[in-house]
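Spelled out, the chains give:
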Amino acid sequence: MIFAVASGKGGTGKTTVTASLAAIWEGPLTLVDLDVEEPNLHLFLNPEITRESAAMLEVPVHNPDTCTLCGECATFCQYKALAIMGKTMLFYPEMCHGCGGCLRICPEGALSPGGRELGRIVDGQTEFGRFVMGRLRVGEAMSPPLMQQVKQLVKEQASHAGMPEVAEGGVEGDVLGDVLIDAPPGVSCPAMHAVMDADAILLVTEPTPFGLYDFRLAVEAFSGLNKPMGAVINRVGIGDQGVDDYCRAAGIPIWAHIPNSILAAKAYSRGEIVARELPELRGLFQELKERMRAAVSASQEVGRA
């Protein structure tokens, strides 16, 4: 099973929940940090890094000797990465999405494949299972291509291990054990890309007006994916009942209430896993895991009916 831990806003406790779930999980587990703009799951899991590689995006390289400046590539490019200015071809690599269309449409073959670095992919092992993380290059604007390469790496590792092929575009939980994805916050393209392959989405929020506002946005954005969703309300006791009331009205199950705790905050500040340092919360995360798995099982039963 694949579970995406997401949130409508940053700072709600996504990584705290992901790390704590990893600490109480039973069976094979793959941990994937897709918050590539500011990954921090590794700070809590302390993986042993076995490989780090550059993630490249294919971009065109212009050959002015064969280019006739016909402009077909510039007309084709919807992102305006190519432009003809007088007798000069201009290329803006940071705007290129790497679709490869310009390479195929050029009648003179004046564009050849090149590459630019999106960021780094880190692969390793933790005491809880395999760990894969993406880290976006500073100044890079597009994170989904890097996120896709992180997921592709997980797929390839399963294949190299002699396991069955996984579905195109995602990671397969039955092959890799269960998968926990630490998703980026928000509801924009990176967040949608992170949760699209999940069997269930765990939305972490906080009981404040700000938390409620962004939680509603996340529910509205992810509902179109038709996946089981549940809420984890973190820091219970600091705000009001607005999130609980909204969940009841919208039919969103609340899978866990995590009480506000100064001890939990101190453990987090030291890079410690809350479920391990506070034994009284271990049972809470055990129950959360069972509710997550039950939601996926119920959804699969409905799909087979």
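Owing to the predicted nature of the structure, the values given are computational and were not obtained by experimental measurement.

## Let's talk about the overall build of the protein
Stage number 1. When helices and strands are counted, the protein shows 12 helices and 11 strands.
Stage number 2. Considering only C-alpha atoms, the protein reaches an extent of 70 × 45 × 45 Å along its principal axes.
Stage number 3. For the protein, the proportion of its 305 residues judged to be buried stands at 50%.
Stage number 4. Of the contacts formed within the protein by residues at least 6 apart in sequence, a portion of 73% connects residues at least 24 apart.
Stage number 5. In the form shown here, the protein has an accessible surface area of approximately 14,300 Å², with 53% of it arising from carbon and sulfur atoms.
Stage number 6. Distance between charge centres in the protein, computed from 25 positive and 37 negative side chains, equals 2 Å.

## Description of the side chain of Asp 214
Stage number 1. Relative to the elements of secondary structure, Asp 214 occurs in helix H8 (residues 209-223).
Stage number 2. For the buried residue Asp 214, which engages in no salt bridge, the nearest side chain bearing the opposite charge is Lys 9, 5.5 Å off.
Stage number 3. Setting aside residues up to four positions removed in sequence, Asp 214 forms contacts with Gly 8 and Lys 9.

## With respect to a nonpolar patch on the surface
Stage number 1. On the surface, Val 187, Tyr 213 and Leu 217 cluster together into a nonpolar patch covering about 270 Å² of accessible area.
Stage number 2. Tracing the sequence through the fold places Tyr 213 in helix H8.
Stage number 3. Given a relative accessible area of 56%, Tyr 213 falls into the exposed group.

## A word on the side chain of Asp 182
Stage number 1. Along the chain, Asp 182 turns up in strand E8 (residues 178-182).
Stage number 2. A distance of 2.9 Å separates the side chain of Asp 182 from the side chain of Thr 15, its partner in a polar contact.
Stage number 3. Beyond its immediate stretch of four places on either side in the chain, Asp 182 contacts Val 5, Lys 14, Thr 15, Thr 18, Val 32, Asp 33, Leu 34, Asp 35, Asn 40 and Leu 41.

## Details of the pattern of salt bridges
Stage number 1. Scanning all chains against the criterion turns up 16 salt bridges.
Stage number 2. Ionic pairing is found between Asp 123 and Arg 51, a salt bridge with its closest N-O pair at 3.9 Å. Here Asp 123 is found in strand E6 (residues 111-125), whereas its partner Arg 51 is found in strand E3 (residues 48-62), with 72 residues between them in sequence.
Stage number 3. With a relative accessible area of 7%, Asp 123 lands in the buried category.
Stage number 4. Salt-bridge contacts for Glu 287 lead to Arg 291; the nearest nitrogen and oxygen are separated by 3.9 Å. Here the residue Glu 287 and the residue Arg 291 both occupy positions in helix H12 (residues 282-304), the gap between them amounting to 4 residues, near one helical turn.

## Comments concerning the pairing of strand E2 (residues 29-33)
Stage number 1. Most of E2 is tucked away, with 5 of its 5 residues classed as buried.
Stage number 2. Side chains of E2 alternate between two faces, with Leu 29, Leu 31 and Asp 33 and Thr 30 and Val 32 buried alike.
Stage number 3. The pairing of E2 with E8 spans 5 bridges and is parallel. What sits directly across from Asp 33, in E8, is Asp 182.
Stage number 4. Relative to strand E7 (residues 130-136), E2 is paired through 4 bridges, and the arrangement is parallel. Counted as the bridge partner of Asp 33 is Met 133 from E7.

## Notes on the packing of aromatic side chains
Stage number 1. Tallying each qualifying case throughout the model produces 3 aromatic pairs.
Stage number 2. Its guanidinium or amino end placed over the ring of Trp 25, Lys 289 lies 5.9 Å from that ring's centre, counting from NZ or CZ.

## Focus on the environment of Asn 40
Stage number 1. By the secondary structure assignment, Asn 40 is in the loop between E2 and helix H2 (42-45).
Stage number 2. As for Asn 40 and Gly 271, which are separated by 231 residues in sequence, their C-alpha atoms are 9.8 Å apart.
Stage number 3. Leaving out residues up to four positions away in the same chain, Asn 40 has contacts with Thr 15, Asp 33, Asp 182 and Tyr 268.

## Remarks on the pairing of strand E1 (residues 2-6)
Stage number 1. For E1, a buried count of 5 out of 5 residues is recorded, marking the element as mostly surrounded by other parts of the structure.
Stage number 2. Because side chains alternate across E1, one face comprises the buried residues Ile 2, Ala 4 and Ala 6, and the other comprises Phe 3 and Val 5, equally buried.
Stage number 3. Examined bridge by bridge, E1 and E8 share 4 bridges and lie parallel to one another. Paired with Ile 2 across the bridge in E8 is Val 179.

About the cut-offs
- Residues numbered from 1 in each chain as written.
- Predicted model: local features only at pLDDT ≥ 70, side-chain atom pairs only at ≥ 80, totals over all residues.
- Heavy atoms only, no water.
- Helix = DSSP H or I, 4+ residues; strand = E, 2+ residues; numbered from the N terminus.
- Buried < 20%, exposed > 50% of the residue type's maximum accessible area, 1.4 Å probe, protein only.
- Contact = heavy atoms within 4.5 Å.
- Areas by Shrake-Rupley, 256 points an atom, 1.4 Å probe, with all protein chains shown as cover.
- Lys, Arg positive; Asp, Glu negative; His and termini not counted.
- Charge placed at Lys NZ, Arg CZ, Asp CG, Glu CD.
- Salt bridge = Lys/Arg side-chain N within 4 Å of Asp/Glu carboxyl O.
- Patch = residues over 30% accessible without salt bridge, like charges linked within 9 Å, V, L, I, M, F, W, Y side chains within 5 Å.
- Polar contact = N/O pair within 3.5 Å; in protein donor to acceptor, adjacent residues only side chain to side chain.
- Pairing = 2+ DSSP bridges.
- Phe/Tyr/Trp six-rings, centres within 6.5 Å; stacked < 30°, edge-to-face > 60°.
- Lys NZ or Arg CZ within 6 Å of the ring centre and 35° of its normal.

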